[in-house]
Amino acid sequence: MAKFRKKKSGGQQAINTASLPDIVFMLLFFFMVSTTMKEVDLNVIVKPAQATELVKLEKKELVTFIYVGVPAKKYQSLYGSEPRIQLNDQFSTVADIQSYIAQSRDNMSEANQSKMIVSIKADKECPMGIITDIKQALRKAAALKLNYSAAEMVADR
Amino acid sequence: MGKREVQEVNAGSMADIAFLLLIFFLVTTTMDTDTGLATLLPPPVEEEPEDTPPVKERNVFTVLINSQNQLLVEGKPMEIRDLTEAVKEFIVNPMDDENLPEKNVREVEFFGTVEIGKGIISLQNDRDTEYQTYLMVQNEMSRAINELREDLSKRKFGKSYDELEKEEQKAVRTIYPRKISEAEPKNIGGN
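Residues numbered from 1 in each chain as written. Chains lettered and ligands numbered in written order. Predicted model: local features only at pLDDT ≥ 70, side-chain atom pairs only at ≥ 80, totals over all residues. Heavy atoms only, no water.

The name an unreviewed UniProt entry gives chain B is Biopolymer transporter ExbD, with Carboxylicivirga marina as the organism. The annotation that UniProt attaches to chain B under Sequence similarities (unreviewed entry) is "Belongs to the ExbD/TolR family." (UniProt positions renumbered as here; feature names shortened; annotations may be inferred.)

Where an unreviewed UniProt entry is consulted, chain A appears under the name Biopolymer transporter ExbD, with the organism given as Carboxylicivirga marina. Entered under Sequence similarities (unreviewed entry) in the UniProt record, the comment concerning chain A runs "Belongs to the ExbD/TolR family."

As structure tokens, this is what we get:
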């Protein structure tokens, strides 16, 4: 018995956990700041094209995205394997673009409406035909500021 | 024996360390910003105006991309990597070549009277051109124009174009405008 007691008293002290909240808060802040919220799930496969003369899209609230690419595997039985347009969460056609642009323009504040930028995120192997159609539709919708989304070119030319 | 107690670690500075780490991460993380090539689409035209003066052949730099992703520049095949130089030469026209664009003399702030080329780049692609190729061509043209602007601001102001004041940037932009016209879509070769 005596031996037992002695061992207990000489055992390790509990670790002070007073700073644990700080660490947790730190992690929390870190993740809060660094995560960019994903607004839409991509239903199309987009392998980004590459370029060098890139401009940053800084003001997120001005940007409206249009995704173009081959439908993801699980949608291919339904939508085929030709490149499709995705607006918000759904597969769409070129005819839907005008109303989509009008809708996202309505969601912006009035001061921002004229500064609206449309970003086309298209797969790099996608044929230009569909992009040209989108461009024509955008012209009709009077959304003239266009940004071809691309990643920084990795290897030197 | 066993009298020595384990000393309690002073945790008072833990919060400081935590904040230090927090600030470190805040500073070093680059947020995932979207990047891309910025362009401006021409406004929609309802009807082709009848009396548009025709643009002279020498003022137009035609770039065609076919469905095989090949380039035809001014009637000759060309590799993408040679495009930047060709575009630059076309815009600047250093030797006043007869086949390269004419120049307008204009008054520009900071620069005085300058000759500004009348050149227009005309880009046409096939419906089956790959998006990547099209972007590369756009990219090379932007690169040519950006390099010219950069060059000019270095020479004139001794500063990079990005560091210039708004007015100065505008002047540089007036001298090297971004004039890329995209023709209405057509099927060039194939299909």
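Draft legend 1. Representation of the overall build of chain A in the model. Of the regular secondary structure elements, chain A holds six helices and eight strands. What you see in chain A, going N to C, is helices and strands ordered as α-α-β-β-β-β-α-β-β-α-α-β-α-β. Split into buried and exposed, the 157 residues of chain A put 37% on the buried side. When the accessible surface of chain A is summed, it comes to about 9,900 Å², and 56% of that surface belongs to carbon and sulfur atoms. (Helix = DSSP H or I, 4+ residues; strand = E, 2+ residues; numbered from the N terminus. Buried < 20%, exposed > 50% of the residue type's maximum accessible area, 1.4 Å probe, protein only. Areas by Shrake-Rupley, 256 points an atom, 1.4 Å probe, with all protein chains shown as cover.)

Draft legend 2. Quick peek at the side chain of D123(A). For D123(A), the position within the fold is in the loop between strand 7 (117–122) and helix 6 (128–140). With a relative accessible area of 5%, D123(A) lands in the buried category. At 2.9 Å, the side chain of D123(A) and the backbone nitrogen of K47(A) are in polar contact. When residues no more than four places from it in sequence are discounted, the contact partners of D123(A) are I45(A), V46(A), K47(A), V68(A), G69(A) and Y131(B). (Polar contact = N/O pair within 3.5 Å; in protein donor to acceptor, adjacent residues only side chain to side chain. Contact = heavy atoms within 4.5 Å.)

Draft legend 3. Region of the structure containing the interface of chain B and chain A. Facing 48 residues of chain B, the contacting portion of chain A comprises 50 residues. Summing both sides of the interface, chain B and chain A together bury roughly 4,500 Å²; the carbon and sulfur share of this comes to 59%. Three residues stand out in chain B for area buried against chain A, namely D34(B), L41(B) and Y131(B), and they jointly supply 18% of the buried area on that side. Counting across the interface, chain B meets chain A through two salt bridges. (Buried area = accessible area lost by both parts, 1.4 Å probe. Salt bridge = Lys/Arg side-chain N within 4 Å of Asp/Glu carboxyl O.)

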